[in-house]
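# A structural walkthrough
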Amino acid sequence: MSCFGNRPAPDLYENCCNGGNLCKFNGKLDDIVSTPIYVQSVYDAVLSNLQGMKTVQNQVFTPNIPCGSTISRVVDIRCKRFFNPCNVDDPRNLNLDVDTSISGATFLQNCQGNYIEVVGPDGTLSEKILYADTHECDDKCMGTPVFGTQNVSISGNVLVYIDLLLCDRCNNESVFTVCAEVNVASEAHPLVLTNFFEICMPSTTDTAFFPRFTEFTNVAAEARLATNSCGRDLSVGPEGEVYGNLIIALCVSAEKKVVVPVQLCALSSGFAEIPTQNNPICTSFPTLFPNRIGEADTAENCGEPCRPCEPCDPRDKCDPCGSTPAPGPGHPGNNGPDCSCGCNECAPPKGHGQGHNGCHRR
């Protein structure tokens, strides 16, 4: 049960939730401001789809079906990757090992011969630095082609669920689910899928940063009966154990990108506002990010820079408009010290923020 009211339904047994809408726009273009961001721009990308297949004979499923029941038909077959969150190095985890070689460019290496990898948008060392002699295409204001070969090695297990429609001795039907953990390939003998690609890289001579090469893959598993026949592909043992013949398809999406660091000017409606999930005891909490600098906070909209104020003689009386003060006792005429009260406006009122140059917004 959720204590914060973010469930999609009032049902207490609902185990799903909705993500928060952290960014809102009221439709007023006056609230849109430009802000610079330092990001990575995608110069070129290529996407490949690969397919692999694994056949399984006499796979044992658990649990056993009830005694006296027969299989009428298969209602559904589901397949998903096996993953152990307590051990990412578990050999049973369905794993993709990508090995990419390129021609026409090189990956930068250190003195030990190891590839230099940098942090990508995923927060890990997932990008390699590219270098090539691009002067021939730089003169034409075009990119330089790079050719590559990618080998995707697949190992690990998948989970196969089969929903069976059972019929008992009284002709009552019920849905019964059996499951099996199926090995696709071992780490020593993985299933290897190969593809070729061509990608374009920008100049390496006219920029401060070399382009970077990154790739990521994802795999989905699908299962079906070998001959799509329940009678031929499924059998039941004397104790109710279920055996099946399956075909498991492995569907891989592989994407390669060439990215370069850039600074962009983006239109923004403001920073994200995240709702808090607590019962506050404290009267206030610290902020996590600095305030946004808007158009009204720039120096040209903030008036003259604030100047330090000289201490005033307590005998002087200052004009609240900031003009020359009236003479006080002991100061005949208008020869008293210049004590403009306007300078006191430099100090912002308590609880108010300041602009970029320290001036109070008026």
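Residues numbered from 1 in each chain as written. Predicted model: local features only at pLDDT ≥ 70, side-chain atom pairs only at ≥ 80, totals over all residues. Heavy atoms only, no water.

Scanning the protein from N- to C-terminus turns up two helices and twelve strands. Its helices and strands taken in sequence order, the protein reads β-β-β-β-β-β-α-β-β-β-β-α-β-β from the N to the C terminus. For the protein, the residues scored as buried account for 30% of the 362 residues in total. Restricting to contacts in the protein with at least 6 residues of sequence separation, those with at least 24 account for 75%. With an accessible surface of roughly 24,200 Å², the protein has 53% of that area assigned to carbon and sulfur atoms. (Helix = DSSP H or I, 4+ residues; strand = E, 2+ residues; numbered from the N terminus. Buried < 20%, exposed > 50% of the residue type's maximum accessible area, 1.4 Å probe, protein only. Contact = heavy atoms within 4.5 Å. Areas by Shrake-Rupley, 256 points an atom, 1.4 Å probe, with all protein chains shown as cover.)

Time to look at the packing of aromatic side chains. Enumeration according to the criterion identifies four aromatic pairs in this entry. Ring plane angle 85 degrees and centroid distance 5.6 Å describe the contact between Phe107 and Tyr115, whose orientation is recorded as edge-to-face. Classification of Tyr115 by relative accessible area gives partly exposed; the value is 42%. Ring centres of Tyr131 and Phe210 lie 5.5 Å apart, and the angle between their planes is 55 degrees; on these two criteria the pair is classed as tilted. Placement of the pair is Tyr131 in strand β6 (residues 125–131) and Phe210 in the loop between β9 (191–201) and β10 (212–225), with a sequence separation of 79 residues. Three or more aromatic residues joined by ring pairs form one cluster here, namely Phe107, Tyr115, Phe197 and Phe213. Sitting above the plane of the Phe197 ring, Lys256 keeps its charged end 4.9 Å from the centroid. (Phe/Tyr/Trp six-rings, centres within 6.5 Å; stacked < 30°, edge-to-face > 60°. Lys NZ or Arg CZ within 6 Å of the ring centre and 35° of its normal.)

Before going further, it helps to spend a moment on the nonpolar core. Ranked by size, the top nonpolar core spans 33 residues in total, and within it Phe61, Ile154, Val158, Val160, Ile162, Leu164 and Ile248 carry the most contacts. For this core, the elements supplying multiple residues, two or more each, are β1 (33–61), β2 (70–81), β7 (144–167), β8 (173–185), β10 and β12 (242–268). At seven residues, the largest contribution of residues to this core is made by β7. Excluding residues that lie within four positions of it along the chain, Ile248 makes contacts with Gly52, Met53, Lys54, Val56, Val158, Val160, Val182, Glu222 and Ala223. Counting residues in each nonpolar core, the second largest holds eleven residues, with Val146, Phe197, Ile199 and Phe213 among its members. (Core = buried A, V, L, I, M, F, W, Y, C linked by side-chain atoms within 4.5 Å.)

What follows covers the side chain of Asn93. As for its placement among the helices and strands, Asn93 is situated in the loop between β2 and β3 (95–103). Residue Asn93 is classed as buried on the basis of its relative accessible area of 5%. Side-chain polar atoms of Asn93 contact the backbone nitrogen of Asn84, separated by 2.7 Å. Among residues more than four places away in sequence, those in contact with Asn93 are Phe82, Phe83, Asn84, Asn87, Val88, Ser155, Gly156 and Asn157. (Polar contact = N/O pair within 3.5 Å; in protein donor to acceptor, adjacent residues only side chain to side chain.)

So, on to the environment of Ser41. In this structure, Ser41 sits in strand β1. The exposure class of Ser41 is partly exposed, given its relative accessible area of 27%. For the pair Ser41 and Pro261, spaced 220 residues apart in sequence, the C-alpha separation works out to 6.1 Å. Filtering out sequence-adjacent residues up to four positions away, Ser41 remains in contact with Val258, Val259, Val260 and Val262.

Turning our eyes to something else, we now look at the environment of Asn172. Within the secondary structure, Asn172 is located in the loop between β7 and β8. Put simply, Asn172 and Ser69 are 103 residues apart on the chain and 9.5 Å apart in space, counted from C-alpha to C-alpha. The contact partners of Asn172, leaving out residues within four places of it in the chain, are Leu166 and Cys167.

Another aspect to go through is the state of the cysteines. Scanning the entire structure with this criterion turns up zero disulfides. Free of any disulfide, Cys137 has its nearest neighbouring cysteine sulfur in Cys200, separated by 7.5 Å. (Disulfide = S-S within 2.5 Å.)

Inspection of every chain in the model, using the stated rule, returns six salt bridges. One salt bridge connects Asp163 with Arg78, and the closest N-O pair in it is separated by 2.5 Å. Here the residue Asp163 occupies a position in strand β7, and Arg78 occupies one in strand β2, the gap between them amounting to 85 residues. Given a relative accessible area of 35%, Arg78 falls into the partly exposed group. For Glu181, the salt bridge is made with Arg92, and the minimal N-O distance between the two is 3.6 Å. Here the residue Glu181 occupies a position in strand β8, and Arg92 occupies one in the loop between β2 and β3, the gap between them amounting to 89 residues. We classify Glu181 as partly exposed; its relative accessible area is 33%. Note on Arg92: relative accessible area 36%, which makes it partly exposed. Taken together, the shared-partner salt bridges connect Asp76, Arg78 and Asp163 into one network. (Salt bridge = Lys/Arg side-chain N within 4 Å of Asp/Glu carboxyl O.)

With an omega dihedral of -5 degrees, the bond running from Thr62 to Pro63 counts as a cis peptide bond. With respect to the helices and strands, Pro63 occurs in the loop between β1 and β2. Even without being glycine, Asn58 reaches a positive phi, approximately 50 degrees. The topology assignment puts Asn58 in strand β1. Within the chain, Cys141 stands out as a residue other than glycine whose phi angle is a positive 55 degrees. If you trace the backbone, Cys141 turns up in the loop between α1 (135–138) and β7. Take Cys141: its relative accessible area is 74%, and that puts it in the exposed class.

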